[in-house]
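# Inside the fold
Here are the chains, one letter per residue:
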Amino acid sequence: MTPAARLRGLKPDWFTDPKVWRTEVLAGLVVALALIPEAISFSIIAGVDPAIGLFASFTMAVTMSVVGGRRAMISAATGAVALVIAPLNREHGLGHLVAAVILAGVIQVALGALGVAKLMRFVPRSVMVGFVNALAVLIFMAQVPEMHDVPWAVYPLIIGGLALMIFFPKVTKVVPAPLVSIVVLTVITLAAGIAVPTVGDKGELPSSLPVPGLPDVPFTMDTLTTIAPYALAMALVGLMESLMTAKLVDDITDTHSSKTRESVGQGIANIVTGFFGGMGGCAMIGQTMINVKVSGARTRLSTFLAGSFLMVLCIVFGPVVSDIPMAALVAVMVMVSFATFDWHSITPKTLKRMPAGEIAVMAITVVVVVATGNLAIGVVVGSVTAMVVFAKRVARLAGVTAVTGPDGTTIVYTVTGELFFASSNDLVGRFNYNDDPDRIVIDLSAAHIWDASSVAALDAVETKYGQRGKTVEIIGLNDPSADLHGKLTGELTSH
């Protein structure tokens with residue numbers, strides 16, 4: 001291969017393919033437009049000036065386009081982070097909030113380096129489906145306030161925006177339908193002089209770029225102890241949402257991403273955001289769906305441009321952006337919520353085939369997320385529920401059968417299945433201690449010992465037989481089981 005050919009191979013797709021370039025640029029523009037009211041709303045939740053949320057969205061998106069592990073994913077100021085740090089800002093002020101953002105970034109870098117992303121393998125599919133469906137519900141619910149107590153003209157505008165996004169792709173997909181919807185509805189409201197809520201009603205847009213600096217707090221141990229709990233909570237919530245979103249994008253695009261790099265990248269982005277005075281953030285699921293699923297973006301260019309366009313729109317085109325009707329953006333997000341929901345998961349055909357336990361896990365995940373408004377809490381509760389369901393299911397697979405020898409002096413108990421705390425609890429009651437002959441053989445060739453509870457149960461069986469003057473022989477242990485049993489037998493009980 002020639003040096004020129006190798007150089008072409010190192011160039012990203014958007015650099016050489018005009019079609020990809022156009023898709024990424026337009027996707028970034030649509031996401032930037034959708035980010036503005038969201039960032040302002042989250043700023044209000046956190047109790048800070050709208051510029052703080054917009055600066056955070058800018059720095060998070062641009063930084064993650066370089067250091068993130070999942071291409072085309074959008075990170076910005078989010079509601080989950082705003083809810084976590086709002087009490088800190090309310091009680092101690094913006095300086096402490098910014099310091100907490102920086103510390104949260106440091107924690108995320110440390111957790112990423114320690115391999116926290118590997119925990120994602122323990123999130124089962126039923127929880128993932130529940131997470132996606134709950135996300136769709138939350139996106140829709142977030143639009144409801146924008147449709148309540150508003151001028152009647154808002155409703156036909158929303159319907160018109162939805163119609164454009166449904167039918168315009170049948171004409172052409174060169175320009176993203178959400179962008180067309182936003183432009184058309186803005187032109188209609190301005191030309192007809194229709195008075196409806198606009199982006200400008202959400203708050204004043206910044207007129208200059210953020211300036212880096214240190215947080216205005218005393219650098220003391222007292223400050224550290226004040227911000228540490230909030231920083232830890234923000235770090236965990238941010239990582240949970242980001243890793244779940246990365247996994248979702250992996251599935252949608254049928255590509256792999258580096259979850260470790262994503263974890264470290266989130267930390268770096270929050271550190272950068274903190275030094276620029278932003279409120280911090282994480283992966284933004286709704287905007288990511290606009291970028292990946294609706295607009296078809298696949299590269300880091302769209303992520304970079306989403307943040308860059310955001311600042312350009314605010315600083316250069318602030319007056320124009322302020323006139324965009326909220327109805328246009330509500331229509332976009334409603335479309336995103338319907339596209340995000342896994343409708344196949346709730347069809348009667350699917351529900352009939354799914355195990356009841358997995359349906360329950362999915363439903364619990366959705367209910368908890370919607371009730372708390374926190375995706376991280378829902379994922380944790382759903383995962384714990386799934387583990388309990390799995391443990392009960394596996395516990396029932398452990399079985400005990402007994403065969404008495406021809407001479408009547410020996411009985412062989414064959415134990416099958418996985419022996420752990422859930423299944424071993426019933427093991428002791430599966431033996432006939434009073435009526436069995438003097439010699440008992442417990443065959444574990446078809447079983448596996450996983451924990452101390454199982455060893456303790458076997459010790460209890462031997463003890464009960466021993467109290468009746470009978471001998472027990474355990475045979476058939478595989479190597480890991482024999483090793484664990486040899487280490488722990490006789491050491492777990494005092495009787």
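Here's what I pulled together on the structure shown here. (Residues numbered from 1 in each chain as written. Predicted model: local features only at pLDDT ≥ 70, side-chain atom pairs only at ≥ 80, totals over all residues. Heavy atoms only, no water.)

## Let's talk about the nonpolar core
Within the largest apolar cluster, 104 residues are counted, with the highest numbers of intra-cluster contacts made by I36, L54, F131, M279, I290 and L310. With 12 residues, helix α3 (residues 18–46) is the single largest residue contributor to this core. Grouped together as the second largest cluster of nonpolar side chains are 22 residues, A398, I411, L427 and Y433 included. (Core = buried A, V, L, I, M, F, W, Y, C linked by side-chain atoms within 4.5 Å. Buried < 20%, exposed > 50% of the residue type's maximum accessible area, 1.4 Å probe, protein only. Helix = DSSP H or I, 4+ residues; strand = E, 2+ residues; numbered from the N terminus.)

## Let's talk about the environment of S41
Looking at the secondary structure, you find S41 in helix α3. In this structure the C-alpha to C-alpha distance between S41 and G161, which are 120 residues apart in sequence, comes to 22 Å.

## Some thoughts on the packing of aromatic side chains
Here the structure, examined in full by the defined rule, presents 8 aromatic pairs. Consider the rings of F140 and F338, whose centres lie 6.4 Å apart with planes at 90 degrees: the pair is edge-to-face. Of this pair, F140 sits in helix α7 (residues 125–143) while F338 sits in helix α15 (residues 326–340); the two residues are 198 residues apart in sequence, bridging distant segments of the chain. In this structure F140 comes out as partly exposed when scored by relative accessible area, which is 34%. Under the relative-accessibility criterion, F338 is labelled partly exposed at 44%. Ring centres of Y433 and Y465 lie 4.8 Å apart, and the angle between their planes is 55 degrees; on these two criteria the pair is classed as tilted. Here Y433, found in the loop between α19 (421–424) and β5 (439–449), pairs with Y465, found in helix α20 (residues 452–466); they are 32 residues apart in sequence, far enough to count as distant. For the residue pair Y433 and Y465, the accessibility class agrees, reading buried in each case. Put simply, the rings of F140, F338, F341 and W343 touch in pairs and so form one group of aromatic residues. Between K464 and the ring centre of Y433, over which it is positioned, the NZ or CZ distance is 5.9 Å. (Phe/Tyr/Trp six-rings, centres within 6.5 Å; stacked < 30°, edge-to-face > 60°. Lys NZ or Arg CZ within 6 Å of the ring centre and 35° of its normal.)

## Brief notes about the packing of α20 against helix α21 (residues 479–488)
Orientation of α20 relative to α21, taken along the N-to-C sense of each, is 65 degrees, at an axis distance of 10 Å. On the basis of their axis angle, the class for α20 and α21 is roughly perpendicular. Note on packing geometry: the crossing formed by α20 with α21 is right-handed. For the pair α20 and α21, contact is made by A452, V455, L458, D459 and E462 and by L484, H485 and L488, respectively. Within the contact of α20 with α21, the residues separate by chemical class into 5 nonpolar, 1 polar and 2 charged. (Axes fitted to C-alpha atoms, helices over the stretch in contact; angles between N-to-C directions. Parallel < 35°, antiparallel > 145°, perpendicular 65-115°, else oblique. Left-handed = near helix turned anticlockwise from the far one by under 90°. Contact = heavy atoms within 4.5 Å. Nonpolar A, V, L, I, M, F, W, Y, C, P; charged D, E, K, R; others polar.)

## Quick word on the environment of A331
Inspection of the secondary structure assignment puts A331 in helix α15. Separated by 184 residues in sequence, A331 and M147 have C-alpha atoms that sit 10 Å apart. Apart from the residues lying within four places of it in its own chain, the contact partners of A331 are I158, G161, L162 and M165.

## Observations regarding the pairing of strand β4 (residues 410–419)
Inspection of the sheet shows strand β3 (residues 399–404) paired to β4 by 6 bridges, in the antiparallel sense. Note that in β4 the partner of T401 across the bridge is T414. By the bridge criterion, 9 bridges tie β4 to β5 in an arrangement that is parallel. The residue bridging G417 from the neighbouring strand is A447, located in β5. (Pairing = 2+ DSSP bridges.)

## Regarding helix α11 (residues 259–275)
For α11, spanning 17 residues, the distance from its first C-alpha to its last is 25 Å, which sits close to the expected 24 Å at 1.5 Å a residue. Of the residues making up α11, those classed as buried are K259, E262, S263, G265, Q266, G267, A269, N270, T273 and G274. Close packing links the buried residues of α11 with α4 (50–67), β1 (75–76), α6 (94–113), α10 (221–253) and β2 (282–283). At the exit of α11 stands G277, carrying a positive phi of roughly 80 degrees. (Expected span 1.5 Å × (residues − 1).)

## Looking at the pattern of salt bridges
Counted under the stated rule, the structure contains 5 salt bridges. Measuring nitrogen to oxygen at the nearest pair gives 2.4 Å for the salt bridge that ties K202 to E146. Taken together, the positions of K202 in the loop between α9 (177–192) and α10 and E146 in the loop between α7 and α8 (154–171) put the pair 56 residues apart, joining distant regions of the chain. Its salt-bridge partner being E473, residue R439 comes within 2.6 Å of it at the nearest N-O pair. Here R439, found in strand β5, pairs with E473, found in strand β6 (residues 471–475); they are 34 residues apart in sequence, far enough to count as distant. A cluster of three or more residues bridged by salt bridges with shared partners is formed by R70, D250 and K259. (Salt bridge = Lys/Arg side-chain N within 4 Å of Asp/Glu carboxyl O.)

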